[in-house]
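Listed below, chain by chain, are the residues.
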Amino acid sequence: MRWNFHSKPNPSAVRHLMDVLHIDERVAHLLVQRGITTYEEAKAFFRPTLNDLHNPYLMKDMEQAVFRIEQAMNNRENILVFGDYDVDGTTAVSLMASYLRSFYPYVATYIPDRYAEGYGISYQGIDFAEDNGMTLIIALDCGIKSIDHVNYAKAKGIDFIICDHHRPGDTLPDAVAVLDPKRDDCSYPYDELCGCGVGFKLIQALSERRGQTILDLIPYLDLVATAIAADIVPITGENRVLAKFGLQVINENPRPGIKALLTQVKKSELTITDVVFIIAPRINAAGRIQHGNAAVSLLTEMNLEQAVQFAADIEQHNKDRRELDKTITEEALRQIQDLNETERFTTVVYQEDWHKGVIGIVASRLTETYYRPTIVFTKSGDKLAASARSVKDFDLYEALEACSEHLIQFGGHKYAAGMTLYEENYPAFKAAFEEVVKKTIDPNLLIPEIAVDAEIQFSDITPKLMRLLKQFEPYGPGNMTPTFLAKNLYDTGYGKRIGSDESHLKLNLKQGTSETIGAVGFGLGDKVTLIENRQKIDAVFCLDENEFNGSVTLQLRLKDLRNHHD
């Protein structure tokens, strides 16, 4: 692991916040690192309110979108709500459909089949709309590059409203309205919304015309918060407001579908991290194993008893997904060993019977063992299809572009991508990708990095500091949980490996004459030798609370350990 310190914030900005907020230096330091330098910015950060949300009509084409939906309702047209099969897409479809159905009956939903139709707007979906007399399609979390599809629909007398958050190409689709804050000609103040977030801005605009206030839309925020968490967008600005209030809905009064997913969860209060690891994978599993329609049925169901049945089915899909993911990961790791490819700059693996729905997860898993750009291929019809994942700061998309002569098509971004190729081109592509990465990657990027916010003394770790850090929540990209470094520590002699496979570490650490602080390090079991005989160590960690038998104590969630050197 590389331990990299964030650059030190401007001292005068830190002092200013200390004075105006009456906080200590460590907290001011963390705020300035997050770009917060004034009292007003700190107030918006610590006390976000729904009034901080921007006027939805600041988004380009919003007037046209609202006008067309109102026109459809006045003419009693059938409306189709179309969205991608992942969490952002299915929550966005559920949001839009459940809001429209609350006052208008002629609304249907459509999620494309992951395997038969693939990502984005599909010709099958447009044909479905035509066959069922639908004259308006609202597309969510996709469509920004669907120029041919929108023209195809237009020729059939079907209009499109597109709500997307991906970067547009040079030409926009010829839709009635294209809502995307990343449009060059859109001056909306915040461009990091997810697809469901853009959908929320549309229902916010519709609600204003119907005399509703933002308070009427609070029940929909559980869906928005789930999408924000799952899509790994920055939890800054407007996303921070939506995530914070959406989490409150999840914890206090979630819709029946989300409530049903949480029946087995013992935690009293969920965080964004819990949403990422508990709610999102289950919603995603429907589209990976069965069909994204199952997720929409769950999230739009208002009867709890029926929702519990849907959730049980989805739980089974998630169990199947986990077993597939584990089996395929083991097979892929064995393939890397058998082919003597452990020392390469890339991982590229292929087996024809691997399940297409989990190869993206497997690619992420493989980077946990071999930290390098990774591509997992499987057979898809008469071609091979793949999911790719990168490592921090390496542009995967550029590397694929350099090998594109071997590919049929590819798409994605810096850190994740998908592609197809003909099976006979697989060996040539694999060799070319290895060569491109070998030539272009900085070797340091092949060592995982831990970004450290600040050094801290054990004497500074107090309940008061923890209370302040809790006010930094919700955490996520753009506002990650603070990571601290503490030096010259030793274990009091009770440190040991834990877990069924002894892969984790449990310690009781001291620094000088400080109080002992408990620490747990997941996946750090092999580091147990560092703490023998009270050897001095340095540690990087996040602060955590450990609840046991009704009492709460502070503990360190260790990220890494190393020998201490004076």
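Computed from a predicted structure; not experimentally measured.

Asks: Is there a simple way to explain the overall build of the protein in this structure?
Replies: Across its full length, the protein holds 18 helices and 19 strands. By the compact-globule yardstick of 24 Å for 566 residues, the protein fits well, its C-alpha radius of gyration being 25 Å. For the C-alpha atoms alone, the extent of the protein along its principal axes is close to 80 × 60 × 50 Å. Among the 566 residues that make up the protein, the fraction classed as buried is 52%.

Asks: What's the story with the sheet that holds strand β10 (residues 409–412) in this structure? I'm lost.
Replies: Across a sheet, strands are paired by hydrogen bonds formed along the backbone, either parallel or antiparallel in direction. The mixed open sheet is built from five strands, whose spatial order is β7-β8-β9-β11-β10. The strands lining the two open edges of the sheet, one partner per strand, are β7 (347–350) and β10. Ignoring strand direction, the axes of neighbouring strands in this sheet form an average angle of 15°. Sheet analysis places β10 next to strand β11 (residues 416–421), joined by four bridges and oriented antiparallel.

Asks: Explain the sheet that holds strand β4 (residues 134–140) to me, please; I cannot follow it from the model alone.
Replies: Ordered in space as β3-β2-β4-β5-β6, the five strands form an open sheet in which the pairing is parallel. The open sheet has two edge strands with one neighbour each: β3 (107–110) and β6 (177–179). The sheet shows a mean angle of 20° between the axes of neighbouring strands, taken without regard to direction. Where β4 and strand β5 (residues 159–163) come together, five bridges link them in parallel fashion. Bridging across to β5, I138 finds its partner in I161.

Asks: How do you make sense of the packing of helix α9 (residues 221–230) against helix α10 (residues 237–252) when you look at a structure like this?
Replies: Geometry of a packed helix pair, given as the angle between the helix axes and the separation of the axes. Between α9 and α10, the least distance of the axes is 7 Å, while the angle of their chain directions is 120°. Between α9 and α10, the interaxial angle falls into the category oblique. Handedness of the crossing formed by α9 with α10: left-handed. Within the contact between the two elements, α9 uses L221, D222, V224, A225, T226 and I228 and α10 uses N239, L242, A243, F245, G246, L247, V249 and I250. Across the contact of α9 with α10, the residue classes break down as 10 nonpolar, three polar and one charged.

Asks: Where do I start with the environment of A42 in this structure?
Replies: Relative to the elements of secondary structure, A42 occurs in helix α3 (residues 39–46). Overall, A42 belongs to the buried group, its relative accessible area being 1%. Sequence separation between A42 and K383 is 341 residues; the distance between their C-alpha atoms is 53 Å. Residues in contact with A42, not counting those within four places in the same chain, are L21 and I36.

Asks: So what exactly am I meant to see when it comes to the pattern of salt bridges here?
Replies: Pairing of side chains with opposite charge becomes possible as their charged atoms draw close. Tallied over the entire structure, the rule returns 31 salt bridges. Its salt-bridge partner being D460, residue R26 comes within 3.4 Å of it at the nearest N-O pair. In this pair, R26 is assigned in helix α2 (residues 25–33) and D460 in the loop between β13 (454–455) and α18 (463–470), connecting sequence segments 434 residues apart. The exposure class assigned to R26 is partly exposed, which follows from its relative accessible area of 27%. It is possible to trace a salt-bridge network through shared partners that takes in R2, K392, D393 and E449.

Asks: Even after reading the chapter, I still don't get helix α1 (residues 11–21), so can you show me in this structure?
Replies: Every α-helix carries 3.6 residues per turn, so stepping three or four residues along brings you back to the same face. Every buried residue belonging to α1 is among A13, V14 and L17, and all of these are buried. Buried positions in α1, seen along its axis, are confined to an arc of 100° and lie on one side of it. Projecting away from the buried face of α1 at angles above 90 degrees are the exposed residues P11, R15 and D19. The first or second residue beyond α1 is H22, which carries a positive phi of 55°.

What counts as what
Residues numbered from 1 in each chain as written. Predicted model: local features only at pLDDT ≥ 70, side-chain atom pairs only at ≥ 80, totals over all residues. Heavy atoms only, no water. Helix = DSSP H or I, 4+ residues; strand = E, 2+ residues; numbered from the N terminus. Rg over C-alpha atoms; globule rule 2.2 N^0.38 Å. Buried < 20%, exposed > 50% of the residue type's maximum accessible area, 1.4 Å probe, protein only. Pairing = 2+ DSSP bridges. Axes fitted to C-alpha atoms, helices over the stretch in contact; angles between N-to-C directions. Parallel < 35°, antiparallel > 145°, perpendicular 65-115°, else oblique. Left-handed = near helix turned anticlockwise from the far one by under 90°. Contact = heavy atoms within 4.5 Å. Nonpolar A, V, L, I, M, F, W, Y, C, P; charged D, E, K, R; others polar. Salt bridge = Lys/Arg side-chain N within 4 Å of Asp/Glu carboxyl O. Arc of directions from axis to C-beta.

From the geometry alone we can't say anything about function, so treat these as descriptive.
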